[in-house]
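Residues per chain are reported as follows:
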Amino acid sequence: MHYLLLAGAIALEIFATTQLKLSEGFTKLAPSVLSLAAYGFCFFLFSKALNRIDLGIAYATWSAVGIVATSIIAALAFGQKLTTAGIVGMSLILAGVVVVNLFGSAGH
């Protein structure tokens, strides 16, 4: 259940970040409002997920998935280029998150 809350927080963060780009510096009303609302609900879900998931694991997962998904959206929707170095770097980030999730935090 708590990983579903984390997944929801990640999805909302990705949506909010995309809307932030579309808001053009908060000059467009609809994407601005959607971005702020999605970030608010995202942090609410993330706080609920933290009741059962260690902060380090949750934040690493949230950050890594957000980085990779947002980079893919940026390439597909906004024509931004993914370089080889960027792809390698994101692969290393994902590998690190897999290790953190498999072996848990130092406190366990």
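Preceding this section is the structure that the text describes.
What comes next is a walk through the structure.

Each value, and the rule that gives it
All residue numbers refer to positions counted from 1 along the written sequence of the respective chain. The predicted nature of this model means local features are confined to residues of pLDDT at least 70 and side-chain atom pairs, given and counted, to a pLDDT of 80 or more, with totals for whole chains, interfaces and linings taken over all residues. Each side-chain value is worked out from all heavy atoms of the structure, with water and hydrogens disregarded. Each reported salt bridge corresponds to a side-chain nitrogen of Lys or Arg within 4 Å of a carboxyl oxygen of Asp or Glu. Each helix is a run of DSSP H or I of at least 4 residues and each strand a run of E of at least 2, with the numbering of both proceeding from the N terminus. Using a 1.4 Å probe on the protein chains alone, a residue whose accessible area is under 20% of its type maximum counts as buried, one over 50% counts as exposed, and one in between counts as partly exposed. Polar contact is the term for a pair of N or O atoms within 3.5 Å; when the atoms are in protein, one must be able to donate a hydrogen and the other to accept it, and sequence-neighboring residues count only if both atoms are side-chain atoms. Any two residues having at least one pair of non-hydrogen atoms within 4.5 Å are treated as being in contact. Expected helix span is taken as 1.5 Å per residue step, with the number of steps being one fewer than the number of residues. Note on patches: the residues involved have over 30% relative accessible area and no salt bridge, like charges join within 9 Å, and the nonpolar side chains Val, Leu, Ile, Met, Phe, Trp and Tyr join within 5 Å. In these tables, accessible area is a Shrake-Rupley quantity obtained with a 1.4 Å probe, and a residue counts as shielded only by the protein chains included in the view. Working convention: axes come from line fits to C-alpha atoms, limited for helices to the stretch in contact. Angles between N-to-C directions cover 0 to 180 degrees. Put simply, a crossing is left-handed when the front helix is turned counterclockwise from the back one by less than a right angle, and right-handed when it is turned clockwise. Side-chain classes are defined by residue name, with Ala, Val, Leu, Ile, Met, Phe, Trp, Tyr, Cys and Pro counting as nonpolar, Asp, Glu, Lys and Arg as charged, and the others, Gly among them, as polar. The aromatic pairing rule takes the rings of Phe, Tyr and Trp, using the six-membered ring of Trp, and pairs them if the centres are within 6.5 Å, calling planes under 30 degrees apart stacked, those over 60 edge-to-face and the rest tilted. Charge over a ring is defined by NZ of Lys or CZ of Arg lying within 6 Å of the ring centre and within 35 degrees of the ring normal.

1. A look at the pattern of salt bridges
Line of reasoning, step 1. Within this structure, the stated rule accounts for 1 salt bridge.
Line of reasoning, step 2. For the salt bridge of Lys-28 with Glu-24, the shortest nitrogen-to-oxygen distance reads 3.4 Å.

2. Thoughts on the side chain of Ser-32
Line of reasoning, step 1. Topologically, Ser-32 is positioned in helix α2 (residues 29–49).
Line of reasoning, step 2. A relative accessible area of 6% means that Ser-32 is categorised as buried.
Line of reasoning, step 3. From its side chain, Ser-32 meets the backbone oxygen of Lys-28 in a polar contact 2.5 Å long.
Line of reasoning, step 4. Dropping the residues within four chain positions of it, Ser-32 is found in contact with Ser-23, Phe-26 and Thr-27.

3. Let's talk about helix α1 (residues 2–22)
Line of reasoning, step 1. Between its terminal C-alpha atoms α1 stretches 30 Å, which fits the 30 Å expected from 21 residues at 1.5 Å a residue.
Line of reasoning, step 2. Those residues of α1 that sit buried are Leu-5, Leu-6, Ala-9, Ile-10, Leu-12, Glu-13, Ile-14, Ala-16, Thr-18 and Gln-19.
Line of reasoning, step 3. In the core, the buried residues of α1 are packed alongside α2 and α3 (55–78).

4. Things to note about a nonpolar patch on the surface
Line of reasoning, step 1. Taken together, the side chains of Ile-72, Leu-76, Leu-82 and Ile-87 make up a nonpolar region of the molecular surface, amounting to roughly 380 Å² of accessible area.
Line of reasoning, step 2. Checked against the element boundaries, Ile-72 lands in helix α3.

5. Some words on α3
Line of reasoning, step 1. With 24 residues, α3 extends 32 Å from end C-alpha to end C-alpha; this agrees with the ideal 34 Å at 1.5 Å per step.
Line of reasoning, step 2. Burial in α3 covers these residues: Ile-57, Ala-58, Thr-61, Trp-62, Ala-64, Gly-66, Val-68, Ala-69 and Ala-74.
Line of reasoning, step 3. The inward-facing, buried residues of α3 abut α1, α2 and α4 (84–103).
Line of reasoning, step 4. Downstream of α3 by a residue or two, Gly-79 has a phi angle that is positive, lying close to 70°.

6. A look at the packing of α2 against α3
Line of reasoning, step 1. Across the interface, α2 lies against α3 with an axial gap of 11 Å and an inter-helix angle of 145°. By crossing handedness, the relation of α2 to α3 is classed as right-handed. For the pair α2 and α3, contact is made by Cys-42, Phe-43 and Phe-46 and by Ala-58, Tyr-59 and Trp-62, respectively.
Line of reasoning, step 2. Among the residues making up the contact of α2 with α3, the classes are represented as 6 nonpolar, no polar and no charged.

7. Details of the packing of aromatic side chains
Line of reasoning, step 1. Across all of its chains, the model carries 4 aromatic pairs by this definition.
Line of reasoning, step 2. Between Phe-41 and Phe-44, the ring centres sit 6.0 Å apart and the planes meet at 10°, which makes this aromatic pair stacked. Pair noted here: Phe-41 and Phe-44 are both in helix α2, with a separation of 3 residues, about one helical turn.
Line of reasoning, step 3. Phe-41 gets classed as partly exposed once you look at its relative accessible area, which sits at 43%.
Line of reasoning, step 4. When the centroid spacing of 5.7 Å and the interplanar angle of 85° are considered together, the rings of Phe-43 and Trp-62 count as edge-to-face. Here Trp-62 lies in helix α3 and Phe-43 lies in helix α2, a separation of 19 residues in the sequence.
Line of reasoning, step 5. A network of ring pairs unites the aromatic residues Phe-43, Phe-46, Tyr-59 and Trp-62 as a single cluster.
Line of reasoning, step 6. We note Lys-21 situated over the ring of Phe-78; from NZ or CZ to the ring centre the distance is 5.8 Å.

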